Every structure is written in C-alpha cells, then in structure tokens.
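The chain contents come next:
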Amino acid sequence: MNISLETIRQRFKDQGLKSTPQRTAIYKALVETTSHPTAEDLYRHVSQDYPMISQNTVYYTLGVLQQARLIREVNVGHERARYDGNLSPHHHLICHDCQSIVDVMDKKLNEISFPTGLPTGFEITDYQVEFRGYCKRCRTQKA
Ligand SMILES: [Zn+2]
Ligand SMILES: [Zn+2]
C-alpha cells in the first residue's frame, strides 16, 4: 500500500517524532511492503537511496518507530525479528520452512473475546493470531 510523505509526516508529528529523511524512508519502506522484512532487509532496501545510512541507524530507527507504536515486531521463533508497518488488525500465516509471513484478514479473528480471570490487574490491549504451517512452495518441494 503506497503511503504519501504527507501522511508519514503527520503520523510522525502525532507521535512527537521528527521526520528525518532516513527515518521517513525506513517507515515508508515498511508500510509499503507486505513481506515483514528483517532489519537487514530494510537496510539493503533503504541504502539504495541513502548509501550513507548505517545498519545501526536502521536498528535504532526501528526501535524508535516501535516505541512510538507506528510499527510492530513479529517474531518467528528464534529467527531474527521481523517488522510490520501494517497496524490494522490482522493476523499471520508463518511457514516453518522458509519463514515467510503472510497477512491474514478474517473478521472473526478480530472478535475473539479476551480471557477473563487474568492475573492481578493485567490489562490486555491487543492480540495477534499466528497460524503456523507450510506455504505452497515449501509443500511442493517436500512432495
Ligand atoms: Zn515456506
Ligand atoms: Zn502483518
């Protein structure tokens, strides 16, 4: 999904973040892909336009964006963290073999009622369902 620089600037502003060109580029790349990239993937992508950017800047920026709740982290077992710029309620299909992460939208999954009788005072704010299995490509290779 394409996102305009205007929208990015506004979102940053709402969260009290400065819109630096590199920060904007990283966020834009993340919102516009559905591949749930790693920090390294984003670094490779953004450094095409910003050859001076360092890997540390990318890591740091991802931390800042996550703190501001503009992006979220998706964990695939012990693999490197993956990032998601899509904050609308959605869930994931995760392949055991190739670690691909595919978005799933299903209204029913957004209407799960929160468990009751939780340990003292815990407040649930959101949740995410992960379905794990094998993608078509990996299933074909297995056969
Ligand atoms: Zn796969
Ligand atoms: Zn996602």
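For clarity, every value in this text was computed on a predicted model and none was experimentally measured.

Criteria and thresholds
- Residues numbered from 1 in each chain as written.
- Chains lettered and ligands numbered in written order.
- Predicted model: local features only at pLDDT ≥ 70, side-chain atom pairs only at ≥ 80, totals over all residues.
- Domains from an automatic or database assignment.
- Helix = DSSP H or I, 4+ residues; strand = E, 2+ residues; numbered from the N terminus.
- Expected span 1.5 Å × (residues − 1).
- Buried ≥ 20, exposed ≤ 12 C-beta atoms within 10 Å, placed from the backbone.
- Arc of directions from axis to C-beta.
- Contact = placed C-beta atoms within 7 Å.
- Pairing = 2+ DSSP bridges.
- Axes fitted to C-alpha atoms, helices over the stretch in contact; angles between N-to-C directions.
- Parallel < 35°, antiparallel > 145°, perpendicular 65-115°, else oblique.
- Nonpolar A, V, L, I, M, F, W, Y, C, P; charged D, E, K, R; others polar.

Caption draft 1: The domain arrangement of the protein, seen in detail. In terms of domain boundaries, the protein breaks down into domain 1 (5-74) and domain 2 (88-142). When each unit is reduced to the centre of its C-alpha atoms, the spacing between domain 1 and domain 2 is 24 Å.

Caption draft 2: Looking closely at helix α4 (residues 55-67). The terminal C-alpha atoms of α4 lie 19 Å apart, and with 13 residues this matches the ideal 18 Å at 1.5 Å per residue to within 8%. For α4, the set of buried residues is V58, T61, L62 and L65. Viewed end-on, α4 has its buried residues packed into an arc of 105°, placing them on one side of the element. Along α4, the residues that are exposed and aim more than 90 degrees away from the buried face are N56 and Q67. Residues of α4 that are buried in the fold lie against α2 (21-31), α3 (39-46) and β2 (82-84).

Caption draft 3: Quick look at the pairing of strand β3 (residues 91-95). Pairing geometry for β3 and strand β4 (residues 101-104), over four bridges, is antiparallel. Looking across to β4, one finds that H92 is bridged to D103. Counted along the chain from β3 to the antiparallel partner β4, the turn is five residues long, and its residue Q99 has a positive phi close to 60°. The sheet contact formed by β3 and strand β5 (residues 130-133) spans four bridges and is parallel. What sits directly across from C95, in β5, is G133.

Caption draft 4: Representation of the sheet that holds β4 in the model. Here three strands make up an open sheet; going across it, the order is β4-β3-β5 and the pairing mixed. Each end of this open sheet is capped by a strand with a single partner; those strands are β4 and β5. Put simply, the sheet's adjacent strands are angled 25° from each other on average, direction ignored.

Caption draft 5: Representation of α2 within the structure. Within the sequence span of α2, burial applies to A25, I26, Y27, A29, L30 and V31. Summarising the contacts, the buried residues of α2 are in contact with α1 (5-14), α3, α4 and β2.

Caption draft 6: Highlighting the packing of α2 against α4. Relative to each other, α2 and α4 sit at 70°, their axes nearing to 10 Å. The orientation of α2 relative to α4 falls into the category roughly perpendicular. Here Q22, R23, I26 and Y27 of α2 lie close against α4, whose contacting residues are T57, V58, T61 and L65. Taken together, the residues of the contact of α2 with α4 break down into four nonpolar, three polar and one charged.

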